[in-house]
Amino acid sequence: MDLLNISQNIRTVRLAQRMTVEQLAARSGFSKGFISQVENFRVTPSLKALDKIAAALGMRLGDLFQDTGNSPEYTFGHLDGGEEVSRNDNLRFGIRYFALAYRQIGRQMNPFIVEYTPAGEERDFMMHDTEEFFLLLEGEIDFLVLDNHHSQTMRQGDTLYVKANIPHRVRLIEGCSFARALIVYSAPPSA
């Protein structure tokens, strides 16, 4: 495979993971300009640089030399092996997200481990254009749906399925200093 195809593979994988050039630059340690030049075949990166870019995409260096036209049929992972991502100013609210299937190209589900800790302020209600399955793994929370008057206390093992575009938020119950959940989002609707 030639360098032109490698640069196209980098762009294809990045876009399939819904990752911006800025995000790939931050994860790989390179500038946005360098990543853009690599993707547009304006610079010839070293093998060391390609290795860092591949790692930032959740791939091995050798994967960049493969035809990325087809998504792998399966990818293995571990609950503790998620890639930490930033979503909606999450750290300000004591929330951390770990993407579990970030290596799977073209996925139709997006599973995350989400950790909740006390914070100085509560997050407002949020809604998104995907459906969500929520499984509380550890701790105790109040899950609020629609407004502050519709809440359910959830404990380890409790689940919730939320349709798209339903306002919701989570808060730790009084006395709980840590909660952990598995959340699976459906793929966004096609444009």
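Before reading further, recall that the structure is shown in the block above.
Given the structure is predicted, the values throughout are model-derived calculations rather than measurements. (Residues numbered from 1 in each chain as written. Predicted model: local features only at pLDDT ≥ 70, side-chain atom pairs only at ≥ 80, totals over all residues. Heavy atoms only, no water.)

**Student:** For this particular structure, what's the right way to read the pattern of salt bridges?
**Tutor:** Opposite charge on two side chains permits pairing when their charged atoms draw close. Within the structure shown, the criterion is met by 11 salt bridges. One salt bridge in this structure joins aspartate 80 and arginine 180, with 3.0 Å as the shortest N-O distance. In this pair, aspartate 80 sits in the loop between helix 4 (47–56) and strand 1 (83–85) while arginine 180 sits in strand 9 (residues 179–186), placing the two residues 100 residues apart along the sequence. Using a relative accessible area of 58% as the deciding quantity, one classes aspartate 80 as exposed. (Salt bridge = Lys/Arg side-chain N within 4 Å of Asp/Glu carboxyl O. Helix = DSSP H or I, 4+ residues; strand = E, 2+ residues; numbered from the N terminus. Buried < 20%, exposed > 50% of the residue type's maximum accessible area, 1.4 Å probe, protein only.)

**Student:** Whenever I open this one, helix 2 (residues 21–28) confuses me. Can you help?
**Tutor:** Side chains of residues three or four places apart in an α-helix project in the same direction, reflecting 3.6 residues per turn. For helix 2, every residue scored as buried is listed here: Val21, Leu24, Ala25 and Ser28. Here the buried residues of helix 2 occupy an arc of 100° about the axis, which is enough to place them on one side. Looking one or two places after helix 2, you find glycine 29, whose phi comes out positive at around 90°. (Arc of directions from axis to C-beta.)

By themselves, these are just geometric observations and shouldn't be taken as functional.
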